[in-house]
Amino acid sequence: MSEYSGVMIFGEAKEGKLAAVTTELLGCGRRLAGDLGQELHCLLVGGDVGSLAQEAIAFGADKVYVVSDPLLEAYQADAYVLAAEKVARQVMPQILLVGQTSIGRDLAPRLAFRLGTALTTDCVELALDPTSKLLLKTKPVYGGNAQAVFTSEACPQMATVRAKAMSPLERDDSRQGEVITVEAGLEPSSIRAELVERVAEEVEGVRLEDAEVVICGGRGIGGAEGFRQLEELAGILKGAVGASRPPCDNGWVPSGYQVGLTGKIIAPDFYLAIGISGASQHMTGCSGAKTVVAINKDPEANIFREASYGVVGDWKKILPALTAKIKELMAD
Amino acid sequence: MNMVVCCKQVIDPEAPPASFRVDAAKKTVTLPPSISPVIDPYAEYAVEAALRIKDAQGGKITAISLGTGLLPDVVKKPLSMGADELILLEDEAFGTGDSWTTAYALAMAIKRLGDCDLIFCGRQASDWDAGQVGLGIAEILGLPSVTLARKVEVADGKARVERVTDDGYEVISLSLPAVITVSNELGEPRYPTIKGIMAAKKKEPTVWKPADIRVEPAQLGEAGRRAELVKLFQPVREGSCEIVDGETPEEAAASLALKLREAKIL
Ligand SMILES: Cc1cc2nc3c(=O)[nH]c(=O)nc-3n(C[C@H](O)[C@H](O)[C@H](O)COP(=O)(O)OP(=O)(O)OC[C@H]3O[C@@H](n4cnc5c(N)ncnc54)[C@H](O)[C@@H]3O)c2cc1C
Ligand SMILES: Nc1ncnc2c1ncn2[C@@H]1O[C@H](COP(=O)(O)O)[C@@H](O)[C@H]1O
């Protein structure tokens, strides 16, 4: 372990800026690096990501490794893993953190197997063991019904970290750091799984992950039409509509609406769950919500164990009256 | 087309949350004995993905389950759905591993099978929610791979896969053999037919021990694993829910709105 030093964050870009999860990881990495008395590195891989290096420094990185190459323009696993592996072998960080995003889920396990190390995915808490200084990696398991803490003596100690689980530092543009360019050295032939097309589904209004108010419907809504009523309330409260898995699986709403373990992780101020039973796999995706309110016809539903306020009854009767009253209150 | 589907036996993830218990000393999660284990739900989607290819162009599907205490009624589900063969890697030595030891043993079993075009796994097993074994198999066997598939088609020696992303999907083309991990966006796995269940009852699984797949003891269990589980616990829920009542549902709704206003949530 002694040859390994430093904490490295695998950075991601979103809309020309560092992704929120990357700034969160830098915040967490800064704390861990401080405790270890080591440096914080940020790795940026992409088509032309050099412009993000200063931002990474402003959010806490001491050193930024930049790998830019036309073959890295869009995420492709084979090329990204090679680039990340190259830098990881060169820098030999003690800890390597990746966001639990659609890229991180795909990249981190490959990288861990290639580096011969152990990875813990979807962590919500990271700390150092006071005596061994090993990284304690806490993650929800069994769909959120329990939590497990893992360690590993293999280096780098790797984790993917859930969005919104960590806090970023305040951006400080006066912070100093070093930018190091690394040649990707990629051959087109190294790409065995080739990206043919990327299709982004447009979202209207507030993005679910960013919304302060989320109105979420479950199987109890019964069909696509019901979701119109949820949209109406979300519109009034400038929020977003989400769903548990069944409405997505049934095609009542697009799959991007799914909240939960295998969907979006959200942390709104106000979360209204309608016709949702409150399965652990769903609740783990909104455990960061400040206030959970539930409407369910079953008084025994698990959602009432998680909610602050609840109404027991048929949503078809309750929601229109709730929307009307909220409209009235908002008009005052 | 020879296909392998890796299917793990897990405790039922959809059992009521209140029925999950943690044995902190043994670091295991248990359910009441009345709730039977199941095949990991995402592995069922993986079986479905393989079956759709078999429906379209024929082929053979081999299911592999690794573990201890495997129940015939559970691990035979892929057979009853339409898979052709079942291999069980069942041995105490497979019991205390991690993603590494599991991926390694499965990879070695696939190697022993030989001549395999497509390997399907679930996106993540519903016990540890790791999402690593499929990619581990690919890395160990040196194969290309795609995660989070919602659609898989095969033509001209290549697979065309639609992969779910945070805001949509991407289309990926890869050469075979390859590993593909499957997500629920694929669409509901089929129910076993009566005929399928009867056929599965009659079929004897092949059981392989570590020596059968040339896996050394050093690559198994405690000796082989690289991750250490140091603690397992259930987070405490504060949970006190105020149930808002009313003479009619409409009244209850109105008083909920007022309460939320008072509490400055609205
Ligand atoms: C590995 C794994 C991962 C998963 N990932 C996710 C995930 O990311 N997100 C997710 O949501 N799920 C996920 N699931 C599924 C999860 O376990 C549950 O099955 C799902 O969340 C249940 O959705 P639901 O509450 O809408 O449906 P149900 O559990 O069927 O509940 C419907 C509820 O609606 C109520 N209801 C019915 N009619 C009315 C009415 N007229 N008025 C009021 N209430 C009514 C019922 O009382 C009931 O409580 C996952 C499962 C597994 C195994
Ligand atoms: N013990 C096992 N036996 C068979 N397949 C497994 C086993 N463990 C994991 N898998 C496969 O790998 C996928 C991901 O598992 P995991 O990485 O543990 O989340 C599962 O959905 C299965 O397809």
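This write-up is about the structure you can find in this document. (Residues numbered from 1 in each chain as written. Chains lettered and ligands numbered in written order. Predicted model: local features only at pLDDT ≥ 70, side-chain atom pairs only at ≥ 80, totals over all residues. Heavy atoms only, no water.)

### Notes on the sheet that holds strand β14 (residues 213-217) of chain A
Note: strands within a sheet are paired through backbone hydrogen bonds, in either parallel or antiparallel orientation.
Then step 1. Taking strand neighbours across the sheet as the criterion, the six strands line up as β15(A)-β14(A)-β16(A)-β17(A)-β18(A)-β15(B) in an open arrangement whose pairing is parallel. Every interior strand has two partners, whereas the edge strands, β15 (240-243) of chain A together with β15 (242-243) of chain B, have only one. (Pairing = 2+ DSSP bridges. Helix = DSSP H or I, 4+ residues; strand = E, 2+ residues; numbered from the N terminus.)

### What about the sheet that holds strand β1 (residues 7-11) of chain A?
Residues and elements named next belong to chain A.
Then step 1. Judged by pairing direction, the sheet is parallel, and its seven strands sit side by side in the order β7-β11-β6-β1-β4-β5-β12 without closing on themselves. The sheet terminates laterally at β7 (119-123) and β12 (178-181), the two strands that pair on one side only. Averaged over neighbouring strand pairs, the angle between their axes works out to 20 degrees when direction is ignored.
Then step 2. Relative to strand β11 (residues 157-161), strand β6 (residues 95-99) runs parallel, the two being bridged by five bridges. When the bridges of β11 are listed, G99 appears paired with V161.
Then step 3. Running over the sheet, helix α1 (residues 20-36) touches β1, β4 (40-46), β6 and β11 and is turned about 175 degrees from β1. (Axes fitted to C-alpha atoms, helices over the stretch in contact; angles between N-to-C directions. Contact = heavy atoms within 4.5 Å.)

### Section: the side chain of S183(B)
Then step 1. Inspection of the secondary structure puts S183(B) in the loop between β12 (178-182) and α6 (194-202).
Then step 2. In contact with S183(B), not counting residues within four places along its chain, are Y42(B), Y45(B), R123(B), L148(B) and A149(B).

### Brief notes about the site of ligand 1
Then step 1. Around ligand 1 sit 29 residues in total, of which R219(A), S244(A), S277(A), N296(A) and E14(B) are the nearest.
Then step 2. The environment of ligand 1 is shared, with nearby residues belonging to chains A and B.
Then step 3. S244(A) places a side-chain nitrogen or oxygen 2.5 Å from an oxygen atom of ligand 1.
Then step 4. A distance of 2.8 Å separates a nitrogen atom of ligand 1 from a polar backbone atom of V259(A).
Then step 5. The fraction of the free accessible surface of ligand 1 (990 Å²) that becomes covered by protein chains is 89%. (Near = heavy atom within 4 Å. Polar contact = N/O pair within 3.5 Å; in protein donor to acceptor, adjacent residues only side chain to side chain. Areas by Shrake-Rupley, 256 points an atom, 1.4 Å probe, with all protein chains shown as cover.)

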